[in-house]
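Observations on the three-dimensional arrangement
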Amino acid sequence: MKTLTITAIFHCLCVFVSIRDINCDQRPEIVNEIWPEVQPVGRTGRLNCTVTSLGQNTVTWSKEGGKTISVLESIQGFNRKLGGKFKYEVVQTQVADNRVTFTLIVRRLVQSDAGKYRCTVRITGSSDDWPTKLGTLTVQVSPTINSDADSVKELEKYNNATLKCGAFGIPSPNITWTRSDGGLLPIMPKPRAQFRGSNLQLTRVDVNHMGVYRCVADNNIKPPSEHLCEVLVFHAPFTKVVQNSVGQAKNRRLSAKLECIIQGHPVPTVTWWRMVGSERKYITDDDRYEIHKQTQDNQNLRAMEQWYTLKIKNVQANDFTTYICEGFNKQGNHSSSIVLFETTECQGANCPSLNAPGHAIRFIPSAAATLLLLLLCTLLSRH
């Protein structure tokens, strides 16, 4: 009889307590999994934790391995303000009669915000076996190419080499190699225009393979990252002329321009010569000659090519001869020749125009035309 009375009292207490939304038969639980969140750097991340039968218990958010971020909707510790809003915020939403969702909001994401976040229901009167689940926040990071990527690669002819271009990003970036001049990559088993991978294996590199190689890392998170590596091959200079002969009129204060393109590595030293009989005479930059290295509009030049000009001022009769441009470095030397010949008219872009001011065409009447004009005037005067 005594046992029955105690049981009845317990059930009465349960009925009373249930009126206050505490279920005597069901403890709080976290329902469903916490969906992972993926956002780029600078955006806002959200993780949802839905709890059933919360009652008078509390829900906390914390980063795994770190301190507690929130208790219910209250943020714990320092919460800095960014752009008018706080870094962390928790929003509590009633989704059903006995279900509440606690949304953890993390603003202005940086890479260090990535990781696992723990949602825990702290049950009053109990210190262990609290319901808990983890949610993953992934912060996408645009690619960054490693600082140890090759910038310059100097090679002997027909050697093999590896160009390195490692990169970091979330997700892991794809790395693509191309040549800036649009040429084929010297790779096995067959040269091609594009290669995917962090390490580019070059095979039997020749002078034609010199130039700038471009490495691009991209993971669809803007902006992609780019790195340039210049490949240089040691070789003797090679010279070629723009025109092998140039004409100009003499004794008219006109100039002649001779042009020569030189390639080599190391960068060759360039000299100009003129033939006097059977001898070569060294040309210096003075009041008769002007030697110039072109630094602009070099888009049509190949790797390591340099454009040099020799300007011969106020061309005279003794200037008509053969001129030689020569390049030399420790690998060897090479030269090309240009002939300057005489013309009767001005040659080149700087020649004066017939219609230019001071060069107007003058009409000089002949004797017959003058006589005809006088006769016409006489006849008009009689009428």
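Residues numbered from 1 in each chain as written. Predicted model: local features only at pLDDT ≥ 70, side-chain atom pairs only at ≥ 80, totals over all residues. Heavy atoms only, no water.

**Thoughts on the pairing of strand β19 (residues 211-218)**
Bridge analysis of strand β16 (residues 174-179) against β19 gives six bridges, and the strand direction is antiparallel. Note on β19: the bridge partner recorded for R179 is Y213. Here β19 pairs with strand β20 (residues 225-233) via seven bridges, running antiparallel. Paired with V212 across the bridge in β20 is E230. (Pairing = 2+ DSSP bridges. Helix = DSSP H or I, 4+ residues; strand = E, 2+ residues; numbered from the N terminus.)

**Some thoughts on the sheet that holds strand β10 (residues 99-106)**
Spatially, the four strands line up as an open sheet ordered β1-β3-β10-β9, and their pairing is antiparallel. What marks the edges here is a single partner per strand, and that holds for β1 (29-31) and β9 (88-96). Ignoring strand direction, the axes of neighbouring strands in this sheet form an average angle of 30°. Across eight bridges, β9 lies against β10 in antiparallel orientation. Each residue of the ladder has a partner; that of Q92, found in β10, is F102. (Axes fitted to C-alpha atoms, helices over the stretch in contact; angles between N-to-C directions.)

**Overview of the pairing of strand β18 (residues 199-202)**
Only one face of β18 is buried, namely the one carrying L200 and L202, since none of N199 and Q201 on the opposite face is buried. Where strand β14 (residues 161-164) meets β18, four bridges bridge the pair, whose relative direction is antiparallel. Along β18, the bridge assignment pairs L163 with L200. (Buried < 20%, exposed > 50% of the residue type's maximum accessible area, 1.4 Å probe, protein only.)

**A few points about the side chain of T309**
Looking at where T309 falls in the secondary structure, it is placed in strand β27 (residues 305-312). Residue contacts for T309: discarding those within four places in its chain leaves K257, L258, E259, W272, E290, I291 and H292. (Contact = heavy atoms within 4.5 Å.)

**Quick notes on the pattern of salt bridges**
Inspection of the entire model under this criterion finds 14 salt bridges. Where R107 meets E89, a salt bridge forms, and the shortest distance between an N and an O atom there is 2.6 Å. Placement of the pair is R107 in the loop between β10 and β11 (115-122) and E89 in strand β9, with a sequence separation of 18 residues. Since its relative accessible area comes to 13%, R107 is described here as buried. (Salt bridge = Lys/Arg side-chain N within 4 Å of Asp/Glu carboxyl O.)

Don't take any of this as a statement about function, it's just geometry.
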